[in-house]
Amino acid sequence: MTGSTDDLADIVTRHRDPVEVDETRSLLNYAEAPRIGEWTLRSALVRLAQPYPLRAEAVLGLVRRLDAALKPFVRTLQKHAVVTGRMIPPSTEGIADARVVDLAVLSERSGVDITDVVRRYGSDLPLNDAEIEAAPLVAVALTLDELADRLAAWASADREQPPLDAIDRACAGVYERLERLGVPTEDGWRPGYGSRR
């Protein structure tokens, strides 16, 4: 885990101090978590749907697909809450969230696969089976979480042009990862679907 061994050791140390999860801003609530200007991913998608309905539908379809896969794990994950390295702009404080969120953040920042981060966690408070199984899904949620930040900033600033390239990249990346993980699909977005408008 090049460059992240020390980070992981710091995280393990921080995880020895449990807290109550901030359910409103939890990554497990990424679609409803308030962001800049109190915009959420869902409310920003309503705004996006006015000029770009297919893109909004594509994002929402992926949100529903991921949420359906994460739902069985949420309560178990939230039982192990810590102050994480995840932040929602404009705040610069870490959010009290499931400890597996912290591991997903480390994975995304370091470029190390989430399964390797989980395997090397090695805490004296080991991850349970639900955390291990849900970790790749939580890592996928970070992509939609970052998109939510971008869309909230766009909606809050009342700009004309939304970040279309970021939307398309996020949709393609999330779709590919959900496919790799074998997450069941519903009719909806396929690569190239949202870019027609």
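Use the structure listed above.
Residues numbered from 1 in each chain as written. Predicted model: local features only at pLDDT ≥ 70, side-chain atom pairs only at ≥ 80, totals over all residues. Heavy atoms only, no water.

Participant: Can you walk me through the environment of P89 in this structure?
Facilitator: By the element assignment, P89 lies in the loop between β1 (81-83) and β2 (96-98). Taking relative accessible area as the criterion, P89 reaches 40% and is therefore assigned partly exposed. (Helix = DSSP H or I, 4+ residues; strand = E, 2+ residues; numbered from the N terminus. Buried < 20%, exposed > 50% of the residue type's maximum accessible area, 1.4 Å probe, protein only.)

Participant: Hey, could you run me through the environment of E186 in this one?
Facilitator: Within the secondary structure, E186 is located in the segment after α8 (164-181). Owing to a relative accessible area of 34%, E186 belongs among the partly exposed residues under this scheme. As a C-alpha pair, E186 and R65 span 121 residues in sequence and 7.1 Å in three-dimensional space. For E186, the residues in contact, after removing those within four places along its chain, are G61 and R64. (Contact = heavy atoms within 4.5 Å.)

Participant: Can you walk me through the side chain of S26 in this structure?
Facilitator: Note that S26 resides in the loop between α1 (5-14) and α2 (41-49). Judged by its relative accessible area of 0%, S26 is buried. Of note is the side chain of S26, whose polar atom sits 3.0 Å from the backbone nitrogen of L28. Excluding anything up to four places from it in sequence, S26 contacts V21, Q78, R86 and D97. (Polar contact = N/O pair within 3.5 Å; in protein donor to acceptor, adjacent residues only side chain to side chain.)

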